[in-house]
2 protein chains.
Amino acid sequence: MSTKKIVVIGGSAAGAKAAAKARRLDEFADITIIQKDHDLSMASCGYPYYVGGTFNDRNALLCTPAGVVRDPVFFQKAKKINALIETEVVAINRPEKSVLCRNVTSGEEQTIAYDKLVIATGARANVPPIPGVELEGITTLVSMENTDYLRQVRDNGEVKKAVVIGGGLIGIEACEALQESGIQVTVVEAVDQVLTFLDWDLAKLVENHIKSKGANVVTGVGVSEFVGEGGKLTGVKLADGTVIDCSVAVMAIGVRPNSEIGREAKLEIGKFGGITVDEYMQTSDPDIYAAGDCVEVTNRITGDKAFAPMGDLANLEGRVIGENLISGNVATFPGTIHTGICKAFDFAAGSTGLSEKAAKRIGLEGYTTVVNASPDKPGFMGAKILISKLLVDKDQRILGYQCVGLGDVSRQIATAAMAIQGKMTVTDVITSDLPYAPPFSPAIDHFIAACHIMENKLKGRMHGISSVDVKAKLDAGEKPFFLDGRNPNEFEEMEMGIGENLIPLGALRTKLDALPADKDAEIIAFCKISLRGYEAECILRAHGFTNVKVMEGGIMAWPYGRKK
Amino acid sequence: MSTKKIVVIGGSAAGAKAAAKARRLDEFADITIIQKDHDLSMASCGYPYYVGGTFNDRNALLCTPAGVVRDPVFFQKAKKINALIETEVVAINRPEKSVLCRNVTSGEEQTIAYDKLVIATGARANVPPIPGVELEGITTLVSMENTDYLRQVRDNGEVKKAVVIGGGLIGIEACEALQESGIQVTVVEAVDQVLTFLDWDLAKLVENHIKSKGANVVTGVGVSEFVGEGGKLTGVKLADGTVIDCSVAVMAIGVRPNSEIGREAKLEIGKFGGITVDEYMQTSDPDIYAAGDCVEVTNRITGDKAFAPMGDLANLEGRVIGENLISGNVATFPGTIHTGICKAFDFAAGSTGLSEKAAKRIGLEGYTTVVNASPDKPGFMGAKILISKLLVDKDQRILGYQCVGLGDVSRQIATAAMAIQGKMTVTDVITSDLPYAPPFSPAIDHFIAACHIMENKLKGRMHGISSVDVKAKLDAGEKPFFLDGRNPNEFEEMEMGIGENLIPLGALRTKLDALPADKDAEIIAFCKISLRGYEAECILRAHGFTNVKVMEGGIMAWPYGRKK
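From a predicted model like this one, the values you see are computed outputs, not experimental measurements. Numbering of residues begins from 1 in every chain and follows the order in which that chain's sequence is written. In the order they appear in the text, chains get letters beginning with A and ligands get numbers beginning with 1. At least 70 in pLDDT is required for a residue's local features to be given in this predicted model, at least 80 for side-chain atom pairs to be given and counted, and no such filter applies to totals for whole chains, interfaces and linings, which use all residues.

**Some words on the overall build of chain A**
Consideration 1: Only DSSP runs of H or I with at least four residues qualify as helices, and only runs of E with at least two residues qualify as strands; both kinds are numbered from the N terminus onward. A count of helical and extended segments in chain A gives 16 helices and 31 strands.
Consideration 2: Just to be clear, the radius of gyration here is over C-alpha atoms, and the globule rule we use is 2.2 Å times residues to the power 0.38. Since a compact globule built from 564 residues should have a radius of gyration of about 24 Å, the 27 Å found for chain A is in line with a globular shape.
Consideration 3: The principal-axis extents of the C-alpha atoms in chain A amount to approximately 90 × 60 × 40 Å.
Consideration 4: Classification of the 564 residues of chain A by burial places 56% in the buried group. Any residue surrounded by 20 or more other C-beta atoms within 10 Å of its C-beta is treated as buried, while 12 or fewer makes it exposed and the intermediate range makes it partly exposed; C-beta atoms here are placed from the backbone.

Below, the structure written as structure tokens:
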């Protein structure tokens, strides 16, 4: 048996995982990682938390759980992997099965032969050619260098104002990190919402929360220019002419696959610019695999290709490659359902599967959504309200779930992700046996509750209307009869101010004469979370009212302003 | 359409839910709840948290989320449900379709006719006739009355020592509540472990944690007598003669179905003493449904009947009944997979599906288990170690998962519960797309990691040995070669003291001569969590060692004492 020569380009998540897995399966393979940066196996998803002071030991981003920095010595000793750092691959010579690489400092070149090659070159930040982009103070947050720069900004305390351009995952994390460092942050997002993996209505709740923490958020307007003095950033000019003063700007407008080396080697490239791979993570060249942020994978719901630059997927893909490098194509990676989660101060926001926006984009027909606002625990255990949106297809199969709020979003999204991957339907979930005890869950788990509401909607018992559609009616000057089913003391504390009629649910049956005389008049019922709103609909329909709707999620899911 | 008369016996979880659901589906049904206690819809799972001072407002156990106490007035006004409290059902007259009930104070009797009857009488605490059981100071923790008593014990601060008899869910929660109230607690459990839904090895980790919080735990010995003076409890005498001083004892040795009323009405009763119901939650009388702790449901994994007295299931079952009461048998309850979770100080312990013990009990053949110790988050985010045990059947289908530790056990058990209910296999889980971000998860989720280890084991790459089997070898005087693959600084901090040989993984390849000369000698490798232990096995097998095993879960899963 001759020694297998494996070369891995890229030593962060996917590459390091593929190499380590291959090593475990073949102690005698000759494995080399070629890494352009100085560092290896960086925990890049942790950068914002180091910037924001969640922890102060920079090495923690580079260490094993036992506290050993994953440097070339570690890779050699613990993994018997040859890690060339500060070394760039200049070209792949597919006919000769070799890579030409160059030390970024010395310029020294060498050719390394491979039997199997892995490309795990990751992604690079999008930095469009906005005038002034070269000014001092403008950075991204995708490298240790960026991280060190922003951490220094935190530590020296001189910067008072910063702008984060882009309201995606990294943008929101950067916003939190800098705002928590005592810097006044403004997030500027060109589209009409932050966190585009969420639908607008849930994203708006996150935006409201970020603002409540003192950060500014501007949506729907792009950046036209960086303004500076003496080569240093002094402000960000928006397309509407506004200038936001700042001395630091973080560009966080997404990443794109760093696939040039594959493109130059004439590997097949997909529509998102990522290297095309099959289910074995094999490129169009059978001797070359690719994984992580430089590839496109399959969207398991739509079957289309997707760009899903997530650290967890990179690791899982790398593991599949490690297996296939040694054992032939035995392991497969089925793709992504676009599961993600993001901390935004003490809020969390997560999504799995299709958002309504995504469903519309692919032209999915016959789907139904429902918004659920309900607590993550019993009230006496310090419950926090979660707001979620469930999407099912015409066969009532769970296809998407989003959840935001102060509570335990992580469990919610994990539960829903498994429901989607297990191809479960509403009927499967409504009687699920999930872990219940007061410190962890209400008696009826929030996700199960969302499926209960969906069932009521699908069975025609609850006629839902979204907050967005209610707002559109108000904006159009329509005057439905708004029925607020809460108690007077709750109304005192919190009031929509949309001309609603307060009729506590407990009094509704005796106050039917306060309802419109026309039984076909449009009535929109709600309460804090719209459970009583739903009960009101049941009562009113039984009494002959034909056009009753429930504002889904109630006041807690209302993303607009309210009277108080 | 004549008005449907629905009578519900029991107004806690299942009964109240069935009644409320029926009301939403039929505004004009005549619905009566008959409740023996004074209170309705009590959040009984919350009792220990009120006792322990997690919250101080007793009404929170009885309120809606909007703060309204669920008393008969509330039921009448908000639900149009007639709730008779302090009223006991004396007999069910099935031929006449009526119940005879009696006010527990006045003794006044009345007969109430039904079209459909629901029995939701719950469970009662097991209180065996131990000598002295009538002494003052002995209580259970299953009613508001018990709760008020124990809360008073906390508040007046006179009790210094308490004994909790039974180490199940309620026992452990009672232990925490009293210990956190400044009382020295001893838990006495007759079998050899606490929390019998866990396997012994994981339960022992929970026991160790409880002891680390200052409580005593005695297992494997029963109570023979309550000792008292002047009618008041002064101690608990164990079967081995030990007397534990205490002035309060909480009996928490399980509950049994409160099914007498059904038995007397000649309804079919199951092997656990619960009322037999079918998938519609219908008893042997088609006009009588039953739900909650008084019934037996189906174990979805084994198909056998099960007693599963859990508040979440009671609610889900009640909802199914509500539907079937109004619409005929349209809704089904598929049963339980015995999902449960318990807080034990800052530990959590959960389980779903089959434990190894349960698998053995039912004679399941060809199953495999694996123990995984690994963090719930990245190290830099304050990771906590979770210890879990996964069980798969011969077809690699996920059948059971237990998890204990300081970290996010709730998400773990919810994820696994969905995997079981979705009939997923190891192959399905190893590439799952779960929500990842550093505040919520490591890049490879702990449950996915458990499936990765299982795959390695199933493919014959990792030969695991449990901590229990290692201990048995030590106790039998066997001398396998123990290989600790950690670094010297880790060894300084924590040492097993079982004659292990410290060979850091990074040095192993150069120190093969320190291993036994006999390549067939038994070698047991481990480290803190046994990832390096596994890597050591890979290296050693590649170098011809034939009998290498990995101690599953490493030192973190070792439930016995260690040198330091």
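**Let's talk about helix H5 (residues 169-179) of chain A**
Residues and elements named next belong to chain A.
Consideration 1: For H5, the buried fraction is high: 11 of the 11 residues fall into the buried class.
Consideration 2: The complete set of buried residues in H5 reads Leu169, Ile170, Gly171, Ile172, Glu173, Ala174, Cys175, Glu176, Ala177, Leu178 and Gln179.
Consideration 3: What counts as a contact is two residues whose backbone-derived C-beta atoms lie within 7 Å of each other. Residues of H5 that are buried make contact with helix H2 (47-51), strand S10 (161-165), strand S11 (184-189), helix H6 (200-212), strand S16 (248-251) and strand S22 (340-344).

**Observations regarding the domain arrangement of chain A**
Consideration 1: Assigned domains of chain A: these are domain 1 (5-122 + 256-327), domain 2 (138-253), domain 3 (351-458) and domain 4 (464-557).
Consideration 2: A C-alpha centroid distance of 35 Å is found between domain 1 of chain A and domain 3 of chain A. Marked domain ranges trace back to an automatic or database domain assignment.

**Comments concerning the packing of helix H1 (residues 13-25) of chain A against helix H8 (residues 311-327) of chain A**
Think of two packed helices as two axes; the pair is described by the angle between the axes and how far apart they sit.
Residues and elements named next belong to chain A.
Consideration 1: In the contact formed by H1 and H8, the axes pass within 7 Å of each other and the chain directions differ by 35°. For H1 against H8, the interelement crossing comes out right-handed. Residues Ala13, Ala14, Gly15, Lys17, Ala18, Ala20, Lys21, Ala22 and Leu25 of H1 touch H8, and the partners they reach there are Gly311, Ala314, Asn315, Glu317, Gly318, Arg319, Ile321, Gly322, Glu323, Leu325, Ile326 and Ser327.
Consideration 2: Throughout, the ten residues Ala, Val, Leu, Ile, Met, Phe, Trp, Tyr, Cys and Pro are labelled nonpolar, Asp, Glu, Lys and Arg are labelled charged, and all others, Gly among them, are labelled polar. For the contact of H1 with H8, a count of residues per class yields 10 nonpolar, six polar and five charged. Think of each axis as a best-fit line through the C-alpha atoms, taken over the contacting stretch in the case of a helix, with angles from 0 to 180 degrees between the N-to-C directions. Working rule for handedness: look at the near helix, and if it is turned counterclockwise from the far one by less than a right angle, call the crossing left-handed; if clockwise, right-handed.

**Structural notes on the packing of helix H10 (residues 409-421) of chain A against helix H10 (residues 409-421) of chain B**
Consideration 1: Here H10 of chain A crosses H10 of chain B at 15°, and the two axes come no closer than 8 Å. One finds that H10 of chain A runs roughly parallel with respect to H10 of chain B. Of the two elements, H10 of chain A crosses H10 of chain B, and the hand of that crossing is right-handed. Note on element contacts: H10 of chain B touches H10 of chain A through Ser410, Arg411, Ala414, Thr415, Met418 and Ala419 of chain B, opposite Ser410, Arg411, Ala414, Thr415, Met418 and Ala419 of chain A.
Consideration 2: Tallied by class, the residues present in the contact of H10 of chain A with H10 of chain B amount to six nonpolar, four polar and two charged. Should an angle fall under 35 degrees it is called roughly parallel, over 145 degrees roughly antiparallel, and 65 to 115 degrees roughly perpendicular, with every other angle called oblique.

**Focus on the sheet that holds strand S3 (residues 82-84) of chain A**
All names here are of chain A.
Consideration 1: When DSSP finds two or more bridges between two strands, those strands count as paired. Spatially, S3-S2-S1-S7-S19 is the arrangement adopted by the five strands of the open sheet, whose pairing is parallel. The sheet is open, and its two borders are formed by S3 and strand S19 (288-290), each paired with just one other strand. In this sheet, adjacent strand axes meet at a mean angle of 20° when their direction is disregarded.
Consideration 2: Where strand S2 (residues 30-34) lies against S3, three bridges are found, and the strand directions are parallel. Residue pairing in the sheet places isoleucine 33 in a bridge with alanine 83 of S3.
Consideration 3: Strand contacts of H1: strand S1 (5-9), S2 and strand S7 (116-119), with the helix running at about 170° to S2, the strand carrying the most contacts.
Consideration 4: Here H8 sits on the sheet in contact with S1, S7 and S19, set at roughly 165° to S19.

**So, the interface of chain B and chain A**
Consideration 1: Listed per partner, the contact involves 78 residues of chain B and 77 residues of chain A.
Consideration 2: Elements supplying a minimum of two residues to the side of chain B that touches chain A: helix H1 (13-25), helix H3 (72-79), helix H8 (311-327), strand S22 (340-344), strand S23 (347-353), H10, helix H15 (505-508) and helix H16 (531-542) of chain B.
Consideration 3: Counting residues per element, the side of chain B that touches chain A draws most heavily on H10 of chain B, which supplies nine residues.
Consideration 4: Per-class residue counts for the side of chain B that touches chain A are 44 nonpolar, 19 polar and 15 charged.

**Topic: the relation of the copies chain B and chain A**
Consideration 1: Alignment of the copies relies on least squares applied to C-alpha atoms, considering only residues that score at least 70 for pLDDT in both. The transform that puts chain B on chain A rotates by 180° and translates by 0.0 Å along the axis, for an RMSD of 0.0 Å. A rotation of that kind, with that shift, is consistent with a two-fold axis.
Consideration 2: Both copies contact each other with a shared surface, as 99% of the interface residues of chain B are interface residues in chain A too.

**Some thoughts on H3 of chain B**
Consideration 1: Buried residues of H3 of chain B: Phe75, Ala78 and Lys79 of chain B, and no others. Buried positions in H3 of chain B, seen along its axis, are confined to an arc of 95° and lie on one side of it.
Consideration 2: Residues of H3 of chain B that are buried make contact with helix H15 (505-508) of chain A together with H1, strand S2 (30-34) and strand S3 (82-84) of chain B.
Consideration 3: Once H3 of chain B finishes, lysine 80 of chain B follows within two positions and takes phi at roughly 50°, a positive value. Read the arc as the range of directions from the helix axis to the C-beta atoms.

**Quick notes on unusual backbone geometry**
Consideration 1: In this model, histidine 338 of chain A sits at a positive phi of 55°, which is unusual for a non-glycine residue.
Consideration 2: Residue position: histidine 338 of chain A is located in the loop between H8 and S22.

**What about the pairing of strand S6 (residues 109-113) of chain B?**
All names here are of chain B.
Consideration 1: Note that strand S5 (residues 98-103) and S6 share five bridges and pair antiparallel. Looking across to S6, one finds that leucine 100 is bridged to threonine 111.
Consideration 2: Joining the antiparallel neighbours S5 and S6 is a turn of five residues, in which glycine 107 adopts a positive phi near 80°.

**Here we look at the sheet that holds strand S15 (residues 243-245) of chain A**
Residue and element names in this part refer to chain A.
Consideration 1: Here we have three strands laid out as an open sheet, ordered S13-S14-S15, and antiparallel in their pairing. Each edge of the open sheet is held by one strand with a lone partner, namely strand S13 (223-229) and S15. On average, each strand axis in the sheet is inclined to that of its neighbour by 30°, with strand direction left out of account.
Consideration 2: With three bridges joining them, strand S14 (residues 232-238) and S15 adopt antiparallel strand pairing. Its bridge partner lying in S15, glycine 235 is registered against aspartate 245.

**Regarding the environment of cysteine 246 of chain B**
Residues and elements named next belong to chain B.
Consideration 1: The residue cysteine 246 is located in the loop between strand S15 (243-245) and strand S16 (248-251) in this model.
Consideration 2: Once the C-alpha coordinates of cysteine 246 and lysine 160 are considered, the two residues, 86 residues apart in sequence, prove to be 7.4 Å apart.
Consideration 3: Apart from the residues within four sequence positions on either side, cysteine 246 is in contact with Lys161, Ala162, Val163, Leu233, Gly235 and Val236.

**Observations concerning the environment of tryptophan 558 of chain A**
Residue and element names in this part refer to chain A.
Consideration 1: If you trace the backbone, tryptophan 558 turns up in the segment after strand S31 (548-551).
Consideration 2: Classification of tryptophan 558 by C-beta neighbours within 10 Å gives buried; the count is 22.
Consideration 3: Sequence separation of tryptophan 558 and glycine 235 is 323 residues, and the distance between their C-alpha atoms is 33 Å.
Consideration 4: Those residues within four positions of tryptophan 558 in sequence are excluded, and the remaining contacts are Ser467 and Met496.

**Details of the nonpolar core**
Nonpolar side chains in soluble globular proteins tend to end up buried together.
Consideration 1: Here, a nonpolar core denotes buried Ala, Val, Leu, Ile, Met, Phe, Trp, Tyr and Cys residues that are linked to one another through C-beta atoms within 7 Å. Ranked by size, the top nonpolar core spans 374 residues in total, and within it Ala249 and Ala290 of chain A together with Ala249 and Ala290 of chain B carry the most contacts.
Consideration 2: In this view, alanine 249 of chain B contacts Gly137, Ile138, Ala162, Val163, Ile165, Phe226, Leu233 and Val236 of chain B; residues no more than four positions away in its chain are not counted.

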